[in-house]
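Structural features, examined
Each chain, letter by letter, is given below.
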Amino acid sequence: RIVLSSDRTAGNGCPRLGRFFTLVTLACGFVGAGCSGESGPAQREVTGKVTFQGSPIEEGVITFEDAQAGYAESSELGPGGTYQLKAPDGSYTVYVEPPVVVVEDTADSPGGEEEKQVENIPFQYRNSVESPLKAEVGGEGSVHNFDLQP
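Calculation notes
Residues numbered from 1 in each chain as written. Predicted model: local features only at pLDDT ≥ 70, side-chain atom pairs only at ≥ 80, totals over all residues. Heavy atoms only, no water. Phe/Tyr/Trp six-rings, centres within 6.5 Å; stacked < 30°, edge-to-face > 60°. Helix = DSSP H or I, 4+ residues; strand = E, 2+ residues; numbered from the N terminus. Buried < 20%, exposed > 50% of the residue type's maximum accessible area, 1.4 Å probe, protein only. Lys NZ or Arg CZ within 6 Å of the ring centre and 35° of its normal. Contact = heavy atoms within 4.5 Å. Core = buried A, V, L, I, M, F, W, Y, C linked by side-chain atoms within 4.5 Å.

**Topic: the packing of aromatic side chains**
Scanning the entire structure with this criterion turns up four aromatic pairs. Measuring from ring centre to ring centre gives 6.3 Å for Phe64 and Phe146, while their planes differ by 65°; the resulting arrangement is edge-to-face. Linking Phe64 in strand 3 (residues 61-66) with Phe146 in strand 11 (residues 146-148), this pair joins segments that are 82 residues apart in sequence. When the centroid spacing of 6.5 Å and the interplanar angle of 75° are considered together, the rings of Tyr71 and Tyr92 count as edge-to-face. Of this pair, Tyr71 sits in strand 4 (residues 71-76) while Tyr92 sits in strand 6 (residues 90-97), and the two are 21 residues apart along the sequence. Of the two residues, Tyr71 and Tyr92, both sit in the buried class. Above the plane of the ring of Phe123 lies Arg126, whose end atom (NZ or CZ) is 4.2 Å from the centre.

**Points about the environment of Gly90**
By secondary structure assignment, the location of Gly90 is in strand 6. According to the relative accessible area criterion, Gly90 is buried, its value standing at 17%. Along the primary structure Gly90 and Gln68 are separated by 22 residues, whereas in three dimensions their C-alpha atoms are 9.5 Å apart. Once residues within four sequence positions are removed from consideration, Gly90 is found in contact with Asp66, Ala135, Glu136 and Val137.

**A few points about the nonpolar core**
Formed by 22 residues in total, the largest nonpolar core has its most connected members in Val50, Ile62, Phe64, Tyr83, Phe146 and Leu148. Elements with a minimum of two residues in this core: strand 1 (43-52), strand 3, strand 5 (82-88), strand 6, strand 9 (133-137) and strand 11.

So yeah, pure geometry; function would need other evidence.
Okay, structure coming up:
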């Protein structure tokens, strides 16, 4: 089973580099997947909390990406910085993106969606290429807490 939960773009409207690699990986997975009729690997519940220097990040999206398996799953961050998602066993790169806001058209530029300006999600955590965050999912479930640093 191959899942891509969100389609987000950077403030300039260009697809993010991390999302590009995810889409390329997923496309390769579709080509080789065929029609085996299998339901895919078992899904494990993954929960945790995301903080910045100990303070909860309550707005944004956390994504677990296994580029090798062609799988990514995302969850909105909630109260206290908590998140919950389901993912198959594997090794994941994890990244955290700010929430997306709608921007109205102006005389100088067209409107659209862009990342909300936030200081509690440093740029190195915002895509799978640069993020140092890693997680192993397996067993009965996984709890992964992440404390982002400047």
